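Residue-level structure breakdown
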Amino acid sequence: MFKLVLLGPPGAGKGTQAKKISEKYNLPHISTGDIFRRNIKEGTPLGMKAKEYMDKGELVPDELVIELVEDRLEQDDCKDGFLLDGFPRTVNQAEKLDEYLSSKGNSLDLVIDLEVDEDILLDRMIGRRVCKVCGANYHIKTMPPKKEGVCDVCGGEVIQRADDTEETVRNRFEVYQRQTAPLIEYYQEKNLLAKIEGTGGPDKVFESIVSALGV
Ligand code: AMP
(Lines give C-alpha, C1' and ligand atoms only; values in the text may rest on other atoms or scores of the structure.)
Protein backbone atom coordinates (compact mmCIF):
# COMPACT_ATOMS: atom_id res chain seq x y z
CA MET A 1 0.00 0.00 0.00
CA PHE A 2 1.19 3.49 -0.85
CA LYS A 3 1.26 6.75 1.07
CA LEU A 4 0.77 9.32 -1.62
CA VAL A 5 0.26 13.03 -2.17
CA LEU A 6 -1.33 14.41 -5.30
CA LEU A 7 -0.06 17.89 -6.11
CA GLY A 8 -0.85 20.28 -8.92
CA PRO A 9 -2.46 23.62 -9.76
CA PRO A 10 -6.22 24.09 -9.53
CA GLY A 11 -7.95 22.32 -12.40
CA ALA A 12 -5.04 19.98 -13.19
CA GLY A 13 -7.34 16.98 -12.80
CA LYS A 14 -6.40 15.95 -9.26
CA GLY A 15 -9.95 14.87 -8.41
CA THR A 16 -10.30 12.71 -11.54
CA GLN A 17 -6.92 11.02 -11.09
CA ALA A 18 -7.44 10.60 -7.36
CA LYS A 19 -10.57 8.52 -7.97
CA LYS A 20 -8.69 6.27 -10.38
CA ILE A 21 -5.66 5.88 -8.12
CA SER A 22 -7.70 5.14 -5.03
CA GLU A 23 -9.71 2.48 -6.89
CA LYS A 24 -6.73 0.72 -8.45
CA TYR A 25 -4.56 0.71 -5.35
CA ASN A 26 -7.37 0.48 -2.83
CA LEU A 27 -6.36 3.64 -0.98
CA PRO A 28 -8.64 5.94 1.02
CA HIS A 29 -8.98 9.19 -0.97
CA ILE A 30 -8.63 12.18 1.34
CA SER A 31 -9.58 15.43 -0.35
CA THR A 32 -9.47 18.42 1.99
CA GLY A 33 -11.55 20.42 -0.52
CA ASP A 34 -14.27 17.72 -0.43
CA ILE A 35 -14.19 17.64 3.37
CA PHE A 36 -14.67 21.41 3.51
CA ARG A 37 -17.47 21.32 0.92
CA ARG A 38 -19.24 18.61 2.91
CA ASN A 39 -18.95 20.71 6.07
CA ILE A 40 -20.32 23.74 4.24
CA LYS A 41 -23.28 21.72 2.98
CA GLU A 42 -23.98 20.45 6.48
CA GLY A 43 -23.58 23.95 7.95
CA THR A 44 -20.98 22.91 10.57
CA PRO A 45 -18.84 25.56 12.35
CA LEU A 46 -15.80 24.34 10.39
CA GLY A 47 -17.73 24.69 7.13
CA MET A 48 -18.80 28.20 8.01
CA LYS A 49 -15.23 29.27 8.73
CA ALA A 50 -13.82 27.57 5.62
CA LYS A 51 -16.45 29.06 3.30
CA GLU A 52 -15.22 32.62 3.93
CA TYR A 53 -11.83 31.71 2.47
CA MET A 54 -12.94 29.27 -0.21
CA ASP A 55 -15.41 31.64 -1.86
CA LYS A 56 -12.60 34.13 -2.38
CA GLY A 57 -10.16 31.50 -3.65
CA GLU A 58 -7.95 31.89 -0.57
CA LEU A 59 -6.47 29.03 1.42
CA VAL A 60 -8.18 28.01 4.64
CA PRO A 61 -5.76 28.76 7.55
CA ASP A 62 -3.22 26.01 8.19
CA GLU A 63 -4.32 25.33 11.76
CA LEU A 64 -7.83 24.36 10.61
CA VAL A 65 -6.54 22.08 7.85
CA ILE A 66 -3.71 20.30 9.63
CA GLU A 67 -5.81 19.13 12.56
CA LEU A 68 -8.50 17.92 10.20
CA VAL A 69 -6.05 15.84 8.15
CA GLU A 70 -4.33 14.38 11.19
CA ASP A 71 -7.70 13.30 12.60
CA ARG A 72 -8.53 11.65 9.29
CA LEU A 73 -5.16 9.88 9.11
CA GLU A 74 -5.76 8.47 12.59
CA GLN A 75 -8.67 6.42 11.26
CA ASP A 76 -8.17 2.73 10.75
CA ASP A 77 -8.49 2.69 6.97
CA CYS A 78 -5.37 4.92 6.66
CA LYS A 79 -3.11 2.61 8.65
CA ASP A 80 -1.35 1.12 5.64
CA GLY A 81 -1.80 3.75 2.99
CA PHE A 82 -3.70 6.78 1.76
CA LEU A 83 -3.96 9.28 -1.03
CA LEU A 84 -3.94 12.96 -0.05
CA ASP A 85 -5.55 15.20 -2.66
CA GLY A 86 -5.24 18.96 -2.16
CA PHE A 87 -3.13 18.62 0.97
CA PRO A 88 -0.48 19.83 1.72
CA ARG A 89 -0.87 23.21 0.05
CA THR A 90 1.76 25.18 1.98
CA VAL A 91 5.30 24.34 3.09
CA ASN A 92 4.11 24.61 6.70
CA GLN A 93 1.43 21.97 6.03
CA ALA A 94 4.04 19.73 4.37
CA GLU A 95 6.37 20.03 7.35
CA LYS A 96 3.55 19.24 9.76
CA LEU A 97 2.61 16.21 7.68
CA ASP A 98 6.22 14.97 7.72
CA GLU A 99 6.37 15.43 11.49
CA TYR A 100 3.08 13.62 11.98
CA LEU A 101 4.09 10.67 9.79
CA SER A 102 7.53 10.33 11.30
CA SER A 103 6.01 10.34 14.80
CA LYS A 104 4.22 7.17 13.64
CA GLY A 105 7.39 5.73 12.09
CA ASN A 106 6.06 6.44 8.60
CA SER A 107 6.89 8.57 5.60
CA LEU A 108 5.47 9.37 2.17
CA ASP A 109 6.23 7.04 -0.73
CA LEU A 110 5.65 9.45 -3.62
CA VAL A 111 4.34 12.91 -4.48
CA ILE A 112 2.63 13.01 -7.86
CA ASP A 113 2.78 16.46 -9.44
CA LEU A 114 0.31 16.98 -12.29
CA GLU A 115 1.67 19.57 -14.71
CA VAL A 116 -0.64 21.53 -17.02
CA ASP A 117 -0.23 24.94 -18.77
CA GLU A 118 -2.10 27.82 -17.19
CA ASP A 119 -4.16 28.67 -20.33
CA ILE A 120 -5.50 25.13 -20.51
CA LEU A 121 -6.26 25.19 -16.80
CA LEU A 122 -8.28 28.41 -16.97
CA ASP A 123 -10.43 26.99 -19.74
CA ARG A 124 -10.90 23.73 -17.89
CA MET A 125 -11.95 25.37 -14.66
CA ILE A 126 -14.25 28.05 -15.92
CA GLY A 127 -16.11 25.37 -17.92
CA ARG A 128 -16.11 22.90 -15.07
CA ARG A 129 -19.42 21.72 -13.62
CA VAL A 130 -20.06 19.26 -10.82
CA CYS A 131 -23.01 17.23 -9.57
CA LYS A 132 -24.27 18.71 -6.33
CA VAL A 133 -25.32 15.26 -5.10
CA CYS A 134 -22.66 12.69 -6.11
CA GLY A 135 -19.73 14.94 -7.09
CA ALA A 136 -19.42 13.62 -10.69
CA ASN A 137 -17.39 16.03 -12.85
CA TYR A 138 -18.45 17.58 -16.17
CA HIS A 139 -17.21 20.26 -18.58
CA ILE A 140 -19.54 22.43 -20.65
CA LYS A 141 -17.44 21.93 -23.80
CA THR A 142 -15.60 18.64 -23.52
CA MET A 143 -17.79 16.51 -21.26
CA PRO A 144 -21.30 17.95 -20.84
CA PRO A 145 -23.98 15.86 -19.11
CA LYS A 146 -26.41 14.24 -21.59
CA LYS A 147 -29.19 16.50 -20.34
CA GLU A 148 -28.15 20.05 -19.44
CA GLY A 149 -27.95 20.59 -15.70
CA VAL A 150 -28.74 16.96 -14.83
CA CYS A 151 -26.18 14.39 -13.64
CA ASP A 152 -25.81 11.30 -15.88
CA VAL A 153 -24.85 9.18 -12.89
CA CYS A 154 -27.47 10.02 -10.27
CA GLY A 155 -29.90 12.55 -11.75
CA GLY A 156 -28.73 15.26 -9.30
CA GLU A 157 -28.38 18.92 -10.20
CA VAL A 158 -25.18 19.82 -12.09
CA ILE A 159 -23.79 23.20 -10.97
CA GLN A 160 -20.74 25.45 -11.17
CA ARG A 161 -18.72 25.46 -7.95
CA ALA A 162 -18.81 28.88 -6.26
CA ASP A 163 -15.00 28.98 -6.50
CA ASP A 164 -14.87 28.15 -10.24
CA THR A 165 -15.98 31.61 -11.40
CA GLU A 166 -13.37 33.51 -13.44
CA GLU A 167 -12.42 36.00 -10.72
CA THR A 168 -12.01 33.35 -8.06
CA VAL A 169 -10.18 31.03 -10.43
CA ARG A 170 -7.60 33.76 -11.22
CA ASN A 171 -7.08 34.33 -7.53
CA ARG A 172 -6.70 30.60 -6.89
CA PHE A 173 -3.89 30.53 -9.46
CA GLU A 174 -2.09 33.37 -7.75
CA VAL A 175 -2.49 31.65 -4.41
CA TYR A 176 -1.19 28.42 -5.95
CA GLN A 177 1.91 30.12 -7.38
CA ARG A 178 2.69 31.93 -4.16
CA GLN A 179 1.88 29.31 -1.54
CA THR A 180 1.71 25.84 -3.10
CA ALA A 181 4.24 25.84 -5.97
CA PRO A 182 7.18 26.00 -3.50
CA LEU A 183 6.20 22.44 -2.51
CA ILE A 184 7.56 21.20 -5.84
CA GLU A 185 11.07 22.09 -4.75
CA TYR A 186 10.40 20.91 -1.21
CA TYR A 187 9.55 17.39 -2.40
CA GLN A 188 12.13 17.40 -5.18
CA GLU A 189 14.84 17.88 -2.58
CA LYS A 190 13.48 14.90 -0.69
CA ASN A 191 13.57 12.84 -3.89
CA LEU A 192 9.86 12.16 -3.66
CA LEU A 193 8.56 14.04 -6.68
CA ALA A 194 7.18 12.38 -9.82
CA LYS A 195 6.33 14.98 -12.48
CA ILE A 196 3.42 13.84 -14.62
CA GLU A 197 2.27 15.54 -17.83
CA GLY A 198 -1.37 16.31 -17.06
CA THR A 199 -2.69 16.75 -20.61
CA GLY A 200 -3.74 14.16 -23.21
CA GLY A 201 -6.86 12.77 -21.54
CA PRO A 202 -7.53 11.18 -18.13
CA ASP A 203 -6.60 7.64 -19.22
CA LYS A 204 -3.23 8.65 -20.62
CA VAL A 205 -2.43 10.69 -17.52
CA PHE A 206 -3.41 7.74 -15.35
CA GLU A 207 -1.09 5.41 -17.32
CA SER A 208 1.82 7.75 -16.58
CA ILE A 209 0.94 7.72 -12.89
CA VAL A 210 0.77 3.92 -12.82
CA SER A 211 4.17 3.69 -14.46
CA ALA A 212 5.64 6.20 -11.98
CA LEU A 213 4.35 3.98 -9.15
CA GLY A 214 5.94 1.00 -10.85
CA VAL A 215 3.17 -1.55 -10.17
P1 AMP B 1 -9.89 21.92 -3.93
O2 AMP B 1 -11.18 21.23 -4.07
O3 AMP B 1 -8.76 21.00 -3.51
O4 AMP B 1 -9.53 22.74 -5.13
O5 AMP B 1 -10.05 22.95 -2.70
C6 AMP B 1 -10.99 23.99 -2.74
C7 AMP B 1 -10.65 25.05 -1.71
O8 AMP B 1 -10.62 24.48 -0.39
C9 AMP B 1 -9.30 25.72 -1.86
O10 AMP B 1 -9.31 26.77 -2.82
C11 AMP B 1 -9.06 26.22 -0.43
O12 AMP B 1 -9.82 27.37 -0.15
C13 AMP B 1 -9.62 25.09 0.40
N14 AMP B 1 -8.59 24.07 0.69
C15 AMP B 1 -8.57 22.77 0.29
N16 AMP B 1 -7.47 22.14 0.72
C17 AMP B 1 -6.77 23.06 1.43
C18 AMP B 1 -5.53 23.04 2.13
N19 AMP B 1 -4.77 21.93 2.17
N20 AMP B 1 -5.12 24.18 2.73
C21 AMP B 1 -5.85 25.31 2.70
N22 AMP B 1 -7.02 25.40 2.05
C23 AMP B 1 -7.48 24.30 1.42
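Details of the structure are given in the entry above.
Thresholds applied
- Residues numbered from 1 in each chain as written.
- Predicted model: local features only at pLDDT ≥ 70, side-chain atom pairs only at ≥ 80, totals over all residues.
- Heavy atoms only, no water.
- Core = buried A, V, L, I, M, F, W, Y, C linked by side-chain atoms within 4.5 Å.
- Buried < 20%, exposed > 50% of the residue type's maximum accessible area, 1.4 Å probe, protein only.
- Helix = DSSP H or I, 4+ residues; strand = E, 2+ residues; numbered from the N terminus.
- Contact = heavy atoms within 4.5 Å.
- Pairing = 2+ DSSP bridges.
- Axes fitted to C-alpha atoms, helices over the stretch in contact; angles between N-to-C directions.
- Left-handed = near helix turned anticlockwise from the far one by under 90°.
- Nonpolar A, V, L, I, M, F, W, Y, C, P; charged D, E, K, R; others polar.
- Polar contact = N/O pair within 3.5 Å; in protein donor to acceptor, adjacent residues only side chain to side chain.
- Near = heavy atom within 4 Å.
- Areas by Shrake-Rupley, 256 points an atom, 1.4 Å probe, with all protein chains shown as cover.
- Salt bridge = Lys/Arg side-chain N within 4 Å of Asp/Glu carboxyl O.

1. Describing the nonpolar core
Among soluble globular proteins, nonpolar side chains are generally buried collectively. Counting 32 residues, the largest nonpolar core has Leu73, Phe82, Leu84, Leu97, Leu108, Val111 and Tyr187 as the members making the most contacts within it. Secondary-structure elements contributing two or more residues to this core are strand E1 (3–7), helix H2 (32–42), helix H3 (45–54), helix H4 (62–74), strand E3 (82–85), helix H5 (91–103) and helix H8 (182–189). Looking at this core, the element that brings in the most residues is H4, giving six residues. Once residues within four sequence positions are removed from consideration, leucine 84 is found in contact with Leu4, Val5, Leu6, Ile30, Val69 and Leu97. Core analysis: the next-biggest nonpolar cluster, separate from the first, contains 25 residues, Tyr25, Ala194, Val205 and Leu213 among them.

2. A short note on the sheet that holds strand E5 (residues 128–131)
The three strands are arranged E6-E5-E7 in an open sheet whose pairing can be described as antiparallel. Here the strands that pair on one side only, and so sit at the sheet edges, are strand E6 (137–139) and strand E7 (158–159). Where E5 meets E7, two bridges bridge the pair, whose relative direction is antiparallel. Counterpart to valine 130 in the pairing with E7 is isoleucine 159. Against the sheet, helix H6 (residues 118–126) makes contact with E5 and E6, and its axis sits at roughly 40 degrees relative to E5, the strand it touches most.

3. Section: the packing of H2 against H3
At a closest axis distance of 8 Å, the pairing of H2 and H3 adopts a crossing angle of 115 degrees. Seen along the crossing, H2 lies across H3 with a hand that is left-handed. Residues Gly33, Phe36, Arg37, Asn39 and Ile40 of H2 form the contact with H3, whose own contacting residues are Leu46, Gly47, Ala50, Lys51 and Met54. Across the contact of H2 with H3, the residue classes tally to five nonpolar, three polar and two charged.

4. Some points on the environment of proline 202
Tracing the backbone shows proline 202 in helix H9 (residues 202–213). Looking at proline 202, the relative accessible area reads 45%, which means it is partly exposed. In sequence terms proline 202 and arginine 38 are 164 residues apart; their C-alpha atoms lie 25 Å from each other. Filtering out sequence-adjacent residues up to four positions away, proline 202 remains in contact with Thr16, Gln17 and Lys20.

5. Let's talk about the side chain of aspartate 164
Inspection of the secondary structure puts aspartate 164 in the loop between E7 and helix H7 (166–180). Using a relative accessible area of 1% as the deciding quantity, one classes aspartate 164 as buried. Looking at aspartate 164, its side chain comes within polar contact range of the side chain of arginine 128, at 3.0 Å. With sequence-adjacent residues up to four places away left out, aspartate 164 is seen in contact with Met125, Ile126, Arg128, Val169 and Arg172.

6. Points about the site of the ligand
Around the ligand sit 16 residues in total, of which Thr32, Arg37, Glu58, Gly86 and Arg172 are the nearest. A distance of 2.6 Å is found between an oxygen atom of the ligand and a backbone nitrogen or oxygen belonging to glutamate 58. Arginine 172 is positioned such that a nitrogen or oxygen atom in its side chain is 2.9 Å from an oxygen atom of the ligand. About the coverage of the ligand: the protein hides 96% of its 480 Å² of free accessible area. When residues in the shell around the ligand are grouped by element, the largest group, four residues, is from H2. Within the shell around the ligand, the residues separate by chemical class into six nonpolar, four polar and six charged.

7. Re the pattern of salt bridges
Here the structure, examined in full by the defined rule, presents 14 salt bridges. Of the charged contacts in the structure, one is a salt bridge between lysine 20 and aspartate 203, with a shortest N-O distance of 2.9 Å. Taken together, the residues lysine 20 in helix H1 (residues 14–25) and aspartate 203 in helix H9 connect sequence positions 183 residues apart. Judged by its relative accessible area of 24%, lysine 20 falls in the partly exposed class. With its nearest N and O atoms 3.8 Å apart, the salt bridge here joins lysine 195 to glutamate 115. In this pair, lysine 195 sits in strand E8 (residues 193–197) while glutamate 115 sits in strand E4 (residues 110–115), placing the two residues 80 residues apart along the sequence. Classification of glutamate 115 as partly exposed rests on a relative accessible area of 32%. Among the charged side chains, a salt-bridge network with shared partners connects Arg128, Arg161, Asp163, Asp164 and Arg172.

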